[in-house]
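What follows is the residue order along each chain.
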Amino acid sequence: MDPNNNQPINTNPLEQPAVPQPVAQPAPAPVQPASYQASPTPPKKNKKILSLLLILFLLILGMVGYVFFAKNQLNNKQNLSTSNTTAPTTTVLTPTPVTVDQVNVESPAADLNGIDRDVQAL
């Protein structure tokens, strides 16, 4: 049965009659040529081996190039970091204490009203 065709309805493929197999006819005796001639085409195995070796060579060449490139990039990065000898300085912000005279507490109710207005504006 062809796999691309649907099976007809109400048929069972196991109950279908078997197709008779053709009987093989005896082959005639091969004719021997008078002289042996070599085929002009070279065997294809050599072409496959040659192409596989070429691909392998290109793959190894690419891997070696990548290793040298990565090593060069690492050396450049290390040279950049060692040439920068000045260390960054950090500034620590310390709060200055406020005295009682500097605190402005005139009207706490006005400050709370201002905060309420700011919250409602949001």
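The structure this text deals with has already been given above.
Figured I'd write up the structure that's included with this text. (Residues numbered from 1 in each chain as written. Predicted model: local features only at pLDDT ≥ 70, side-chain atom pairs only at ≥ 80, totals over all residues. Heavy atoms only, no water.)

### Topic: the overall build of the protein chain
- Across its full length, the protein chain holds two helices and zero strands.
- Relative to its full complement of 122 residues, the protein chain shows a buried share of 1%.
- Accessible surface for the protein chain amounts to roughly 13,000 Å². Of this, 63% is attributable to carbon and sulfur atoms. (Helix = DSSP H or I, 4+ residues; strand = E, 2+ residues; numbered from the N terminus. Buried < 20%, exposed > 50% of the residue type's maximum accessible area, 1.4 Å probe, protein only. Areas by Shrake-Rupley, 256 points an atom, 1.4 Å probe, with all protein chains shown as cover.)

### A few points about a nonpolar patch on the surface
- On the surface, a nonpolar cluster with roughly 790 Å² of combined accessible area is contributed by I49, L53, L56, L59, I60, M63, V64 and F68.
- Inspection of the secondary structure assignment puts L59 in helix α1 (residues 44-83).
- The class for L59 is exposed, based on a relative accessible area of 52%. (Patch = residues over 30% accessible without salt bridge, like charges linked within 9 Å, V, L, I, M, F, W, Y side chains within 5 Å. Salt bridge = Lys/Arg side-chain N within 4 Å of Asp/Glu carboxyl O.)

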